[in-house]
Amino acid sequence: MKLFSEIKRAGGWRYRLREDISDPAALFKAVEEPEATAKTVLAKGPRRHVYQPNQVVNGRKVVVKTFILPSWRLRLRHKHYGRLEYENYLKADKCGIEVPEVFAFFEQRKGGIVQQNGIAIEFLEKFRRLQAEQISVLAPVLHQMFLQGVNHTDLALGNIFKHEADDRIKIIDWQGWEFIQPRNERQLLFQLHRLIRG
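As the structure is a prediction and not an experimental result, all values here were calculated from the model.

A. Representation of helix α5 (residues 139-148). Of the residues making up α5, those classed as buried are Val-141, Leu-142, Met-145 and Phe-146. Summarising the axial view, the buried residues of α5 lie within an arc of 140 degrees, below the 170-degree limit, and thus occupy one face. Of the surrounding elements, those touching the buried residues of α5 are β10 (150-152), β12 (169-171) and α6 (185-197). The first or second residue beyond α5 is Gly-149, which carries a positive phi of 75 degrees.

B. The arrangement of the pattern of salt bridges in detail. Taken as a whole and judged by the stated rule, the model has 16 salt bridges. Its salt-bridge partner being Lys-170, residue Glu-122 comes within 3.0 Å of it at the nearest N-O pair. Of this pair, Glu-122 sits in strand β8 (residues 113-122) while Lys-170 sits in strand β12, and the two are 48 residues apart along the sequence.

C. Structural view of the pairing of strand β6 (residues 60-68). Taken together, the 4 bridges between strand β4 (residues 48-53) and β6 define a ladder with antiparallel strand orientation. Residue pairing for β6: Tyr-51 is matched across the bridge by Val-64. Count of turn residues in the strand β5 (residues 56-57)/β6 antiparallel hairpin: 2 residues, of which Asn-58 carries a positive phi of about 50 degrees. Here β6 runs beside β8; their pairing, made up of 7 bridges, is antiparallel. Residue Val-63 lies in a different strand from β8, and its bridge partner there is Ile-121.

About the thresholds
- Starting afresh in each chain, residues are numbered from 1 along the sequence in its written order.
- Totals for whole chains, interfaces and linings use all residues, but because this is a predicted model, local features are given only for residues with pLDDT of at least 70 and pairs of side-chain atoms are given and counted only at 80 or more.
- With hydrogens and water excluded, all non-hydrogen atoms of the structure serve as input to the side-chain values.
- With a 1.4 Å probe rolled over the protein chains alone, any residue whose accessible area is under 20% of its type maximum counts as buried; one over 50% counts as exposed, and the rest are partly exposed.
- Note on conventions: DSSP H or I runs of at least 4 residues are helices, E runs of at least 2 residues are strands, and numbering of each starts at the N terminus.
- Arc definition: directions from the helix axis to the C-beta atoms.
- Two residues qualify as a contact provided that any one of their heavy atoms is within 4.5 Å of a heavy atom in the partner residue.
- Salt bridges are defined as contacts in which a side-chain nitrogen from Lys or Arg sits within 4 Å of a carboxyl oxygen from Asp or Glu.
- Whether two strands pair comes down to DSSP finding at least two bridges between them.

Here it is as structure tokens:
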């Protein structure tokens, strides 16, 4: 199991950083200076910014997902989005669900109020979004989720990645996750419904 350390930096930045990261300064730069470091923007909206920076962590490409909280309502309501996703990635991994490696959780506070937060995870090199005609390879993953009581509330093809050379599956977007009673048939039907509905 990977160990994480708490790190505070100037500008109100706080990190929960994996202890085996060899060059934390590169990760800090990728998070704190996205305009200067974003190599590829993967998604951008008023509340969420997902990008692949130029920096690498432990020799691997990284994806940074930032929840931007521009209003007081969002700061109070969604201040835990990044932390929740970080914790859920670790829980899913512990339950035997393959997910990208998590390098860090971060947040920026001003006057004690969260302004933005997010996570840094591995870029899924050689993984591609699952296509509808490949859905049968997902059966073992759904079975494991059923056995462990893992309820991913946004299970859609856009959040499921398959390795290009084999049937390995990794699932992203874990801020919506619940741990429920294992072997819950309603949960399994809910997962299938979400998946089919898209």
